[in-house]
Protein chains: 2
Amino acid sequence: MHRESTASVIARQLRTAIMERTLQPGAQLSETALSAQFGVSRGPLREAMQRLVQEGLLRSEPNRGLFVIELDEADIRDIYVARTAVEGAAATMIARARVPAALRELRAACDAMTTSLELGDPAALSDADFHFHDVLVQCSGSRRLVRMHQTLIVETRMCLTALEGTYQQPLELVEEHNQIVAAIEAGDVKLTLKRVELHMDEALRRLIHAEDDDNQAYI
Amino acid sequence: MHRESTASVIARQLRTAIMERTLQPGAQLSETALSAQFGVSRGPLREAMQRLVQEGLLRSEPNRGLFVIELDEADIRDIYVARTAVEGAAATMIARARVPAALRELRAACDAMTTSLELGDPAALSDADFHFHDVLVQCSGSRRLVRMHQTLIVETRMCLTALEGTYQQPLELVEEHNQIVAAIEAGDVKLTLKRVELHMDEALRRLIHAEDDDNQAYI
DNA sequence: AAGAGTTTGATTGTTGACAATCATTGCATG
DNA sequence: CATGCAATGATTGTCAACAATCAAACTCTT
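Residues numbered from 1 in each chain as written. Chains lettered and ligands numbered in written order. Predicted model: local features only at pLDDT ≥ 70, side-chain atom pairs only at ≥ 80, totals over all residues. Heavy atoms only, no water.

### Focus: the overall build of chain A
Let me state the cut-off plainly: A run of H or I in DSSP counts as a helix once it spans at least four residues, and a run of E counts as a strand once it spans at least two, with each numbered from the N terminus. This radius of gyration counts C-alpha atoms alone. The globule rule is 2.2 Å times how many residues there are, raised to the power 0.38. When a residue's accessible area, from a 1.4 Å probe over protein chains only, is under 20% of the maximum for its type it is buried; when over 50% it is exposed; and in between it is partly exposed. Reported accessibility uses the Shrake-Rupley method at a 1.4 Å probe radius. Residues are deemed covered only where the shown protein chains occlude them. A positive count includes Lys and Arg, and a negative count includes Asp and Glu. His and the chain ends are not counted in either. Charge positions come from single atoms, namely NZ of Lys, CZ of Arg, CG of Asp or CD of Glu.
When helices and strands are tallied, chain A shows nine helices and three strands. By the compact-globule yardstick of 17 Å for 219 residues, chain A fits well, its C-alpha radius of gyration being 18 Å. Projected onto its principal axes, the C-alpha coordinates of chain A cover approximately 55 × 45 × 30 Å. The 219 residues of chain A split such that 50% are buried. Roughly 10,100 Å² of accessible area belongs to chain A as shown, and the carbon and sulfur atoms make up 50% of that amount. Of the charged side chains in chain A, 24 are positive and 33 negative, and the gap between their average positions amounts to 9 Å.

Right, here's the structure in full:
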């Protein structure tokens, strides 16, 4: 029938629910409620949940239940530390290899951001932003970097969804991406790494500031 | 009763079994056999297995079963790419912060390697080696780097167990670790990163060569 | 004899019921 | 009135039986 295990399907649905804050941070996941909602039994649902526990998106309290993780400022900083490590490695790999197809894809993803900016569509810009970072890591060709990155992106989206996707300084944001791609295209490994690190620092700064504006302690 | 979920316990046991090659690469995991072996029912066992699928240690073929991953040379290279990203980030973080307690722990872990070398105990050297890299990432204080690293270490051990733990050039190995710690202690971030990258390149080279000697296509 | 179709065996996937554990509520007691 | 204790309700954790799927062996046909 399906070419994918049900646990995998349910896990993805749970992941998006957490990302979109349908399942809010700190919320307990009721097995009966969710199994009814997804139309499966508790067995497959529990298997899916264990996947997210391993990913670190759910926290398990034995004999108590499973809860959506809550991200404080230290977590957000940690997410960006990890993202810098992963995306920095991916970007330098691409800058070293300079496979034409990869460069084209990256440039296209970057141009899509520019287009969204010019159209004044913040939601599209956010999507294009995430798509760019996806493409960046995918193009590295490293299966392990891709896998590690997926979870980090979900966590990042958790934060951004909380701020309702309005970027503070969209112009700077797009320019930073352009600069990264330019460095990669030039094959300048050191500059590439530096610009990825700069972009992450700036993105983190914008995120923390936005959070301050909203007076939200927890995201 | 237990302060840990059974799925978590079983997952760890499976992980070590894969690491030690009790469960060989490519082998199918029989649910009934394993549940009997671990003394649990199929339910908790399946939950544990889904964790390893998420980690990438098991490969799922729907309606066929779960199989231990097989690592070819491309995988080994990928593991070291990912490890360089994670451990490089961890090491630079420690070099920046230079928390005394962390430096002491690192130095101790490094000295343990020297001791094992002098005692001529290859098994102890291997353990000390892995312990060092564990400490390195732990001391970074990044929960996400730690989590990503755990899986990478299991995969690395899978490879090394295949070669029966005999290092090719133990003297160089220990010296590389000493050099990394020295750079961290000096607070030289750039040098630290360079030496971590060098160590990973060398470790990969030694691993691939050892593999060639054994004429093993797959590990 | 070779190939296609069918049957058979074993395995996974799923389900619902049962047992254990924990938080809460109400009650008795100091 | 506060505190400790017991009963209760709901939830998670576990299990064994059932259904679905797949691979391989066997048979029948050409």
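### Some remarks on the protein's contact with DNA strand C
To keep things clear, this is the line we draw: In these notes, residues near a molecule or strand are those with any non-hydrogen atom within 4 Å of it. Under the rule applied, a polar contact is a pair of N or O atoms within 3.5 Å (in protein, one hydrogen donor and one hydrogen acceptor; residues adjacent in sequence only if both atoms are side-chain atoms). Three classes are used: nonpolar for Ala, Val, Leu, Ile, Met, Phe, Trp, Tyr, Cys and Pro, charged for Asp, Glu, Lys and Arg, and polar for all others, with Gly counted as polar.
Near DNA strand C, the surroundings consist of 19 residues, among which Thr6(A), Ser41(A), Leu29(B), Arg42(B) and Arg46(B) are the closest. Among the atoms of DNA strand C lying within 4 Å of the protein, the sugar-phosphate backbone contributes 72%. At 3.5 Å, a backbone N or O of Glu31(B) approaches a phosphate oxygen of DNA strand C. Listing elements by their share of the surface near DNA strand C, those giving two or more residues are α3 (42-55) of chain A together with α3 (42-55) of chain B. Sorting elements by how many residues they give to the surface near DNA strand C places α3(A) first, with three residues. Residues belonging to the surface near DNA strand C are distributed by class as follows: five nonpolar, eight polar and six charged.

### A short note on the relation of the copies chain B and chain A
This is how the line gets drawn: For the least-squares superposition of copies, only C-alpha atoms count, and only for residues with pLDDT at least 70 in both. In what follows, residue pairs with any heavy atoms lying within 4.5 Å of each other are defined as contacts.
Note on the copies: chain B fits chain A at an RMSD of 0.0 Å, the axial shift is 0.0 Å, and the rotation between them is 180°. Given the turn and translation reported, the copies of this chain are related as if by a two-fold rotation axis. Take the interface residues of chain B: 100% of them recur as interface residues in chain A, which is what a same-surface contact looks like.

### Quick look at the interface of chain B and chain A
The test is simple: Computed with a 1.4 Å rolling probe, the buried area is the accessible surface lost when two parts are put together, summed over both parts. The rule for a salt bridge is simple: a side-chain nitrogen of Lys or Arg has to be within 4 Å of a carboxyl oxygen of Asp or Glu.
In this assembly, 34 residues from chain B lie in contact with 34 residues from chain A. Taking both sides of the interface into account, the surface hidden between chain B and chain A amounts to around 3,000 Å²; carbon and sulfur atoms contribute 50%. Counting every contact that joins chain B to chain A gives ten salt bridges. Between Glu155(A) and Arg144(B) there is a salt bridge; the shortest N-O distance is 2.9 Å. For the pair chain B and chain A, the number of links is 18 residue pairs in polar contact (both at pLDDT 80 or more). Listing elements by their share of the side of chain B that touches chain A, those giving two or more residues are α1 (6-19), α3, α4 (73-97) and α7 (143-162) of chain B. Ranked by residues supplied to the side of chain B that touches chain A, first place goes to α4(B) with nine residues. When the residues that make up the side of chain B that touches chain A are grouped by side-chain class, the tally is 15 nonpolar, six polar and 13 charged.

### Some remarks on the environment of Glu185(A)
All names here are of chain A. With respect to the helices and strands, the residue Glu185 is situated in helix α8 (residues 170-186). Taking the C-alpha atoms as reference points, Glu185 and His131, separated by 54 residues in sequence, lie 19 Å from one another. For Glu185, the contacting residues outside a window of four places in its chain are Arg98 and Arg107.

### As for the sheet that holds strand β1 (residues 28-29) of chain A
Residue and element names in this part refer to chain A. Here is the rule: DSSP-based pairing: two strands are paired if at least 2 bridges between them are found. Only the stretch in contact is used when fitting a helix axis, every axis being a line fitted to C-alpha atoms; angles between N-to-C directions are given from 0 to 180 degrees.
Pairing in this open sheet of three strands is antiparallel, and the strands run β1-β3-β2 from one edge to the other. Each edge of the sheet is formed by a strand with only one pairing partner; in this case those strands are β1 and β2 (58-61). Pairing analysis gives four bridges linking β2 to strand β3 (residues 65-68), with the strands arranged antiparallel. Paired with Leu58 across the strands is Val68, a residue of β3. Contacts from α3 reach β1, β2 and β3, with the element oriented near 105° to β2.

### What about the domain arrangement of chain A?
Residues and elements named next belong to chain A. Heads up, the condition is: Throughout, the edges of the domains are those of an automatic or database domain assignment.
Per the domain assignment, the segments of chain A are domain 1 (6-68) and domain 2 (73-213). The centre of domain 1, based on its C-alpha atoms, is set 28 Å off from the matching centre of domain 2. Across the boundary between the two partners, domain 1 contributes ten residues, which contact seven residues of domain 2. Both sides together, the interface formed by domain 1 and domain 2 hides about 740 Å², and carbon and sulfur atoms give 72% of it. Of all residues in domain 1, Met19, Arg21 and Leu57 give up the largest surface area on contact with domain 2, accounting jointly for 62% of the area buried on that side. Run the count over domain 1 and domain 2 and you get zero salt bridges. Considering each element in turn, the side of domain 1 that touches domain 2 owes the most residues, three residues, to helix α1 (residues 6-19). Residue composition of the side of domain 1 that touches domain 2, by class: five nonpolar, one polar and four charged.

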